[in-house]
Amino acid sequence: KNQVEQSPQSLIILEGKNCTLQCNYTVSPFSNLRWYKQDTGRGPVSLTIMTFSENTKSNGRYTATLDADTKQSSLHITASQLSDSASYICVVSARQAGTALIFGKGTTLSVSS
Amino acid sequence: SAVISQKPSRDICQRGTSLTIQCQVDSQVTMMFWYRQQPGQSLTLIATANQGSEATYESGFVIDKFPISRPNLTFSTLTVSNMSPEDSSIYLCSASRDSTYEQYFGPGTRLTVT
């Protein structure tokens, strides 16, 4: 069964600190992995998309890694800001007809001052 | 990129009534989708809105309950029919130019059924 699991479920950090969110997946055949940021009351916004051949991709203070062998991904946030408080969703796309996106349940990050 | 707007942004509806949610994309897109996000949960795909033909529904979702229209490449509607409190959720529209490309999301419609 195609699944995406994220950890931790929630996380509280101090402003300025770094943090890493984890994503494990069992999706086959794999097409790409995406990280989205969803602010409260808003739709998800894409941070990164990685294909099988990419093992790291950055978007400002966000760096995503992908290990396709172990089927793991991480999202590292550097020098966190209050505006980073949001839900971070890992989404894996299965390579098949149509669009099959498998969503993780997300990690809720709270950045406090 | 694509900018997606939804109307209404939120609504409170009575049990047994229906609500139609509109989704407008600022450019032509190949694929449009409707998702549901229940409180504290991640997104669940309801259906793919096909331009000029019937929508493709995911398991557990049926056309009689969630009729969808897509008259052109920039617009779609989702109707939540005969609502019950269990339909209280956020409904999100998304669009993509290709199944392998970026998928953009609208801001969502927060529906409360009383």
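This text goes with the structure placed above it.
Residues numbered from 1 in each chain as written. Chains lettered and ligands numbered in written order. Predicted model: local features only at pLDDT ≥ 70, side-chain atom pairs only at ≥ 80, totals over all residues. Heavy atoms only, no water.

1. Describing the interface of chain B and chain A
Note the threshold: Whether two residues are in contact is decided by their heavy atoms, any of which lying within 4.5 Å being enough. Values labelled buried area give the accessible surface lost by two parts on being combined, using a 1.4 Å probe and summing over both. Salt-bridge detection follows one rule: a side-chain nitrogen of Lys or Arg within 4 Å of a carboxyl oxygen of Asp or Glu. The definition of a polar contact used here is a pair of N or O atoms within 3.5 Å, where within protein one atom must be able to donate a hydrogen and the other to accept one, and adjacent residues in sequence count solely through side-chain atom pairs. Counting from the N terminus, the helices are DSSP H or I runs at least four residues long and the strands are E runs at least two residues long. As a working rule, the residues Ala, Val, Leu, Ile, Met, Phe, Trp, Tyr, Cys and Pro are called nonpolar, Asp, Glu, Lys and Arg charged, and the rest polar, with Gly in that last group.
Counting residues at the interface gives 18 residues for chain B, matched by 19 residues for chain A. The contact between chain B and chain A buries some 1400 Å² in all, and 50% of this surface belongs to carbon and sulfur atoms. Inspection of the region where chain B meets chain A yields 0 salt bridges. Linking chain B with chain A are 5 residue pairs in polar contact (both at pLDDT 80 or more). Mapped by element, the contributors of at least two residues to the side of chain B that touches chain A are β4 (31-37), β5 (43-49) and β10 (103-105) of chain B. The element contributing the most residues to the side of chain B that touches chain A is β4(B), with 4 residues. For the side of chain B that touches chain A, the class distribution of residues is 9 nonpolar, 7 polar and 2 charged.

2. Details of the pattern of salt bridges
Residues and elements named next belong to chain A. Here is the rule we go by: A simple rule labels every residue: compare its accessible area, found with a 1.4 Å probe on the protein chains alone, to the largest value its type can have, and call it buried under 20%, exposed over 50%, or partly exposed in between.
The full count for this structure, using the stated rule, is 4 salt bridges over all chains. The shortest N-O distance in the salt bridge between E54 and K57 comes to 3.0 Å. The partly exposed category is assigned to E54, whose relative accessible area is 25%. A salt bridge links R61 to D84; the shortest N-O distance between them is 2.8 Å. Highlighted residues: R61 in the loop between β6 (56-59) and β7 (62-67) and D84 in the loop between β8 (72-77) and β9 (86-94), separated in sequence by 23 residues. The class for R61 is partly exposed, based on a relative accessible area of 24%. For D84, a relative accessible area of 1% corresponds to the buried category.

3. A closer look at the pairing of β7(A)
Residue and element names in this part refer to chain A. Convention followed: Paired strands, as defined in this entry, are two strands with at least two bridges between them according to DSSP.
Residues of β7 alternate between two faces, with Y62, A64 and L66 buried on one and T63, T65 and D67 left unburied on the opposite face. Bridge count between β6 and β7: 4 bridges; the pairing is antiparallel. Counterpart to K57 in the pairing with β7 is A64. Connecting β6 to the antiparallel partner β7 that follows it, the hairpin turn spans 2 residues, and G60 within it adopts a positive phi of roughly 65°. Relative to β8, β7 is paired through 6 bridges, and the arrangement is antiparallel.

4. Focus: the sheet that holds strand β3 (residues 19-26) of chain A
All names here are of chain A. Note the cut-off: Axis angles are defined between N-to-C directions and span 0 to 180 degrees, where every axis is a line fitted to C-alpha atoms and, for a helix, only to the segment in contact.
Sheet architecture is open: 5 strands sit in the order β1-β3-β8-β7-β6, paired in antiparallel fashion. Either end of the sheet is taken by a strand with one partner, and the two such strands are β1 (3-7) and β6. Across the sheet, the axes of successive neighbouring strands diverge by a mean angle of 15°, strand direction being ignored.

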